[in-house]
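Chain by chain, the residues:
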Amino acid sequence: MTSTDPNLVSVTLNGRTIAATKGELIITAAERHGEYIPRFCYHERMDPVGMCRMCLVEVDTGRGPQLTPSCMVTVAPDMKIDTASPMVKQVQEGVLELLLANHPLDCPVCDKGGECPLQDQAFSHGPGESRFVEEKRHYEKPIAISDLVYLDRERCILCDRCTRFADEVAGDALIEFSSRGGNTQITTFPDEPFASYFSGNTVQICPVGALTAKPYRFKARPWDLEQNESTCTTCSVGCRTIVQSSRDQVLRYQGVDSAPVNWGWLCDKGRFGFESVNSDERLTTPMVRTSGGLVPTSWSAALGAVADLVRESIAAGGADSIAVVGGARGSNEDAFAWAQLAHDVIGTPNVYAQMGDGLPAAVLGLDRATIDDVASATTIVLLGPDLKEELPVLYLRIRDAAVKRGRHIIEFTPKPGGLTKHAWKTIGYEPGTQLAAVEAALADPAVAMQLAKGPVAIVAGRANLAETSTATVLALQAILAAVPSAKVLPALRRGNVVGALQVGVRPRPGGLDTTGVLQAAAAGRIECLVLLGADPLADFPDADLARRAIAGARRVIAVDTFLSASSLQADVVLAASAVGEKGGTTTNLEGRVTSLGRRVTATGTSRPDWMIASGIAGLLGTEFGYRSIADVTASIAARVESYANVTATAVASAPDGVLAAVPADLGPLVPPVLSLPDRNSYDFRLVVSRRLYDDAVSTRTSPSLAHLAGCMTVHVNPLDIERAGAHDGAEVRLSSARAGIIVTVESDATVLRGTVWVPFNQPGSTIGELIDCTAAVTDVRIENI
Amino acid sequence: MVAVSGHVQRPGVYEIVNGTTTFRDLIYGQEFCGGIRNGNQLKAFVPGGGSAPWFVPDQLDLPFEGRLVGAAGSMLGSGAVMVMDHTTDIPAAALTLTRFYAHESCGKCVPCREGGTWLERILSRVVDGKGTEADLDQLLEVGAMICPGAFPHASSEELGLEAVPFPYKMTTICFVGPSAYAPVHSALTLFRAEFEAKIVKRTMIPVTAMAGGEQ
Ligand code: SF4
Ligand code: SF4
Ligand code: SF4
Ligand code: FES
């Protein structure tokens, strides 16, 4: 070969010379050059183990052809590889015959049938017939290894994919091989189910039907499924998915390997949350309030009523007395059309997509890190929530960076989380003291040296809902002052919150953010409050303010897929279509814009938000002129500067999406003023954060996920329990300056002394009662009852 | 040091001179094992541990030396010599060894996990007198899934067999899989008549010793 590229290795593949990449495995090099080597255990996102022996090929390195597992051996100069010799064929047939020897071949009742690598490869590389006449191995079929996953040990070919995934990728080594020889099997530990947030991935990568997912078992045959590529909008990681449906019902999500984003993985909440789309509780028609409560109505009547409410409100209090909150759950198009309606048609500046649990929108104007930037940074600074709970697949990517790529994590947190055990340094802080914690760390020569070693990426978000974002913003600015080249990845969790903010669902000058809107509503200054897929009563940290705001707003319009606690209080409820029922684009936390797949017809007469906005605009005298969602996508590209490159064609032709530019018009991140209350030594400082599974409507209405939510307890460090005069399991009164609630104590050594932790929005939760969203921090007292 | 077990007068661990001491010295020499027990005839011996292909009296004059033993179709492996006299039930002896390796399989790779158990199950059927002629070929075919291509074995003047030298090809990760096959292959190649006897006549040949040297 003439190439002098030092990264290329010249090898012979089935007689022709190819240029492989240095360090590349034979199996991948061959595949890239058109020779697919059959395989079971090899998975491109996990370390090879060479267990199934399906990928054996003959490799000659000068000592004659040797049988070599192509998934374990990397290319070397002048290697001669033969993937199709008679010997290789004999071996492939042998391995397949052995695999099938004890295999039950219950294909007719197996979920994998039709998309089964064992079926497929038995067909393409197998011997055609089995000579095994002994009685096959028998096990109880199937056994539940978690709430979501079933295991059929007879079908299992012991390829180590599920177990490797659990240990190597998810870090939840809850399934393992047990026994040996012909009795080897996959097992869980006694009394410990495979309760991983990522368990669904094992079902997807299992090369046989040994692992099946409860929500999909016996639902469809692969050849009956229709599918579209799409993006999960359950959180803002924006994992790439395939949405599959049959008979107009969404039945399954599969992860797609998007190299810059999810590597094929999904979290279980994203994978199985589609069930809520099919829920019987979905709103099927618009509703209006009559003396008899909310009753179904026609779209023309409902939109007419909305237009009337808007006109009345403008007449009564001016356009500024109208506010729109929410919009982070839909598409970019939904958000953009609503921003247009609110800002340009109605003329109100009070529009905001965040729900009091994020960071100021100006954070999106900082030099933005991509997920790859974070994963390849020498130092990753975490200044936000527990990513395992809030942005699960981002957690996987950062875990991989730390565990396999030796990246150093410096974590600032009020409560240790999923990444703590992989962090180079974890600095626990009491709420309100982030700045001091960061300053102290920056003064540590070891930290300073680490930060100077190479690129730094900061993942910034809200670690605690019981304090304002002030202290976090100050801490972020302090790190940026010390490392001006650091890039920032905003850890804001709602599906399309970044897209909504970037396309315009944010206050115009003089406008109010959500807290401001709710305060104004509570004070009677909001004539009309529009809840755009927002449920402040369940979702806003300060429960009392949310309640007063909904009660104080003179008119409430809700656009929702379900009747939530808040939309139940509305005057008009407009039935919105859900993901899978609508197309368009979405923006993840990096600013990556990807397409959403429309797979099934909308529930009832529900409509996408953008269509609702354009209908209302029409009634108010402004025609947007959108005939299809593509028109809205084009309008965003034409009118939002940072989306100029994000045309429908660009998104459609880029499987990994298009990065929108960092918006230049968000203004500077103004250093806020922090005023901490005096610390009473008898009080605990309250930390409230989310868990993956909570009482959000999309989880509650997904039958497979609903019961995974826990319950609200107050977690106290064991050393503090006694000081508080309580004991593990005791019911206590937990009170802040705001209110008191009755709650059970749970001893938890991960909680920092002097603080207590309570999960947010678990079923039956009342923790929002204690939170004052304007107070810098929340101090609570534990009293025996 | 070699460990000799089985049907010799004095089983035990002996210090020999590598390359000079022959198997005949070792088995018959007075300073070593002192011959076969009860004056019986030597039928076969395993030169290097349970995973090694078997030798027959033809190989007695080979010195204990790796290269030569390899060329003669076996290996020295662990240096454990197992001696079988003429009363040995060869299929049963092979089963004992194969069962050991099938049980020893860690279960990681397919050919060993599935192939080892498969061999054991066919062989135990044959030993129980329930085998068929096809089972004998099947044993070799299953073995070829573990070790494709020519498998080493000893020469035999009586059978007109040329030796097939070491090494063999293998589809497994380690040598446990091939080890389950080696005794089956040697026994079938060198003593096929004993297997056929079990099948065709469905009767047992007179057996006085259990396999594996245990009494
Ligand atoms: S895993 Fe299922 S579909 Fe695949 S071969 Fe086995 S029984 Fe058939
Ligand atoms: S359950 Fe599936 S993924 Fe796990 S070892 Fe068995 S075959 Fe492989
Ligand atoms: S991490 Fe987020 S985007 Fe990815 S599957 Fe989970 S919920 Fe969906
Ligand atoms: S794919 Fe290489 S051994 Fe399984």
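It should be emphasised that the depicted structure is a prediction, and the values quoted were computed from it without experimental measurement.

Rules used in this analysis
Residues numbered from 1 in each chain as written. Chains lettered and ligands numbered in written order. Predicted model: local features only at pLDDT ≥ 70, side-chain atom pairs only at ≥ 80, totals over all residues. Heavy atoms only, no water. Helix = DSSP H or I, 4+ residues; strand = E, 2+ residues; numbered from the N terminus. Rg over C-alpha atoms; globule rule 2.2 N^0.38 Å. Buried < 20%, exposed > 50% of the residue type's maximum accessible area, 1.4 Å probe, protein only. Contact = heavy atoms within 4.5 Å. Near = heavy atom within 4 Å. Nonpolar A, V, L, I, M, F, W, Y, C, P; charged D, E, K, R; others polar. Axes fitted to C-alpha atoms, helices over the stretch in contact; angles between N-to-C directions. Parallel < 35°, antiparallel > 145°, perpendicular 65-115°, else oblique. Left-handed = near helix turned anticlockwise from the far one by under 90°. Salt bridge = Lys/Arg side-chain N within 4 Å of Asp/Glu carboxyl O. Domains from an automatic or database assignment. Buried area = accessible area lost by both parts, 1.4 Å probe. Pairing = 2+ DSSP bridges. Phe/Tyr/Trp six-rings, centres within 6.5 Å; stacked < 30°, edge-to-face > 60°. Lys NZ or Arg CZ within 6 Å of the ring centre and 35° of its normal.

Q: Could you clarify how one ought to interpret the overall build of chain B in this entry?
A: The number of helices and strands found in chain B is 7 helices and 4 strands. In sequence order, chain B lays out its α and β elements as β-β-α-β-α-β-α-α-α-α-α. The C-alpha atoms of chain B give a radius of gyration of 16 Å, which matches the 17 Å a tight globule of 215 residues would have. Overall, chain B is about 45 × 40 × 35 Å in size when its C-alpha atoms are taken along their principal axes. Across the 215 residues of chain B, 59% fall into the buried class.

Q: Explain helix H20 (residues 629–639) of chain A here, please?
A: Side chains three or four residues apart in an α-helix point the same way, a direct result of the helix having 3.6 residues per turn. Buried within H20(A) are the following residues: Val632(A), Thr633(A), Ser635(A), Ile636(A) and Ala637(A). Contacts made by the buried residues of H20(A) are with helix H8 (332–346), helix H15 (497–503), strand S26 (585–587), helix H19 (609–619) and helix H21 (648–653) of chain A.

Q: Help me understand the site of ligand 2, please; the structure alone is not making it clear to me.
A: As a matter of local geometry, ligand 2 sits amid 13 residues, with Cys156(A), Ile157(A), Cys159(A), Cys162(A) and Cys206(A) nearest to it. Within the shell around ligand 2, the residues separate by chemical class into 11 nonpolar, no polar and 2 charged.

Q: It is not clear to me how the packing of helix H4 (residues 110–127) of chain B against helix H6 (residues 176–190) of chain B should be interpreted in this structure. Could you clarify?
A: What describes two packed helices is the angle between their axes and the distance between those same axes. Residues and elements named next belong to chain B. As a packed pair, H4 and H6 sit with axes 8 Å apart at the nearest point and diverge in direction by 20 degrees. The orientation of H4 relative to H6 falls into the category roughly parallel. Two packed elements cross with a definite hand, and for H4 against H6 that hand is left-handed. Contact residues: Cys 112, Gly 116, Leu 119 and Leu 123 in H4; Val 176, Gly 177, Ala 180, Tyr 181 and Val 184 in H6. In terms of residue class, the contact of H4 with H6 is made up of 7 nonpolar, 2 polar and no charged.

Q: Even after reading the chapter, I still don't get the pattern of salt bridges, so can you show me in this structure?
A: A side chain of one charge can pair with a side chain of the opposite charge when the charged atoms of the two come close. The final tally for this structure, using the stated rule, is 62 salt bridges over all chains. Between Glu35(A) and Arg16(A) there is a salt bridge, with the nearest N and O atoms lying 3.9 Å from each other. Taken together, the positions of Glu35(A) in the loop between helix H1 (26–32) and strand S3 (56–60) and Arg16(A) in strand S2 (residues 16–21) put the pair 19 residues apart, joining distant regions of the chain. Residue class for Glu35(A) comes out partly exposed when judged on its relative accessible area of 23%. Its relative accessible area of 37% is what places Arg16(A) among the partly exposed residues. Arg113(B) is the salt-bridge partner of Glu114(B), the closest N and O atoms lying 3.2 Å from each other.

Q: Even after reading the chapter, I still don't get the domain arrangement of chain A, so can you show me in this structure?
A: A common way to state how big an interface is: give the accessible area lost once the parts meet. Domain annotation for chain A reports domain 1 (8–99), domain 2 (287–358 + 497–659), domain 3 (362–491) and domain 4 (684–784). Computed over C-alpha atoms, the centres of domain 1 of chain A and domain 2 of chain A are 54 Å apart.

Q: Looking at this structure, how should I read the interface of chain B and chain A?
A: Between chain B and chain A, the residue contacts involve 29 residues of the former and 32 residues of the latter. Between chain B and chain A, a total of about 2,500 Å² is buried, with carbon and sulfur atoms accounting for 56% of that surface. Counting across the chain B and chain A interface gives 5 salt bridges. Ionic pairing is found between Arg131(A) and Glu141(B), a salt bridge with its closest N-O pair at 2.4 Å.

Q: Just checking my understanding: could you explain the packing of helix H16 (residues 514–522) of chain A against helix H18 (residues 543–552) of chain A for this structure?
A: All names here are of chain A. One way to put it is that H16 packs onto H18 with a least axis distance of 7 Å and a crossing angle of 55 degrees. Considered as vectors, H16 and H18 are oriented oblique to each other. The handedness of the crossing between H16 and H18 comes out as left-handed. Residues Thr 515, Leu 518, Gln 519, Ala 521 and Ala 522 of H16 touch H18, and the partners they reach there are Leu 545, Arg 548, Ala 549 and Gly 552. Looking at the contact of H16 with H18 residue by residue, the class counts come to 5 nonpolar, 3 polar and 1 charged.

Q: What exactly am I supposed to notice about the sheet that holds strand S2 (residues 12–14) of chain B here?
A: The pairing of strands in a sheet comes from backbone hydrogen bonds and takes either a parallel or an antiparallel form. Residue and element names in this part refer to chain B. With mixed pairing, 4 strands are arranged side by side in an open sheet as S2-S1-S4-S3. Two strands bound the open sheet, and with one partner strand each, they are S2 and strand S3 (42–46). With direction set aside, neighbouring strand axes in the sheet form an average angle of 25 degrees. Here 4 bridges tie S3 to strand S4 (residues 80–85), and the two strands are oriented antiparallel to one another. If you follow Ala 44 over to S4, its bridge partner there is Met 84.

Q: Hey, could you run me through the packing of aromatic side chains in this one?
A: For any pair of aromatic rings, geometry is given as the distance between the ring centres together with the angle between the planes. Counted by the stated rule, this structure contains 16 aromatic pairs over all chains. Each ring, one from Phe23(B) and one from Phe45(B), has its centre 5.2 Å from the other, and the planes form 45 degrees; the classification is tilted. Pair noted here: Phe23(B) is in helix H1 (residues 23–28) and Phe45(B) is in strand S3, with a separation of 22 residues, a long-range link. Phe45(B) matches Phe23(B) in its accessibility class, with the two residues each being buried. Ring centres of Phe23(B) and Phe64(B) lie 5.2 Å apart, and the angle between their planes is 50 degrees; on these two criteria the pair is classed as tilted. Placement of the pair is Phe23(B) in helix H1 and Phe64(B) in the loop between S3 and helix H2 (66–71), with a sequence separation of 41 residues. Judged by its relative accessible area of 0%, Phe23(B) is buried. One aromatic cluster is present, formed by Phe151(B), Phe166(B), Tyr168(B), Phe175(B) and Tyr181(B) through successive ring pairs. In this structure, Arg252(A) packs its charged tip against the face of Tyr216(A), placed 4.2 Å from the ring centre. Its guanidinium or amino end placed over the ring of Trp757(A), Lys415(A) lies 4.4 Å from that ring's centre, counting from NZ or CZ.

Q: Help me understand the site of ligand 1, please; the structure alone is not making it clear to me.
A: Inspection of the region around ligand 1 gives His103(A), Asp106(A), Cys107(A), Cys110(A), Lys112(A), Gly113(A), Cys116(A), Leu118(A), Gln119(A), Val208(A) and Gly209(A) as its neighbouring residues. Grouping the constituent residues of the shell around ligand 1 by class yields 5 nonpolar, 4 polar and 2 charged.

Q: Please explain the environment of Thr378(A) as it appears in this structure.
A: Residues and elements named next belong to chain A. Here Thr 378 lies in the loop between helix H9 (371–376) and strand S18 (379–383). Each C-alpha atom, one on Thr 378 and one on Gly 768, is 38 Å from the other, the two residues being 390 residues apart in sequence. Discounting chain neighbours no more than four positions away, the residues touching Thr 378 are Arg 407, His 408, Gln 450, Lys 453, Gly 454 and Pro 455.

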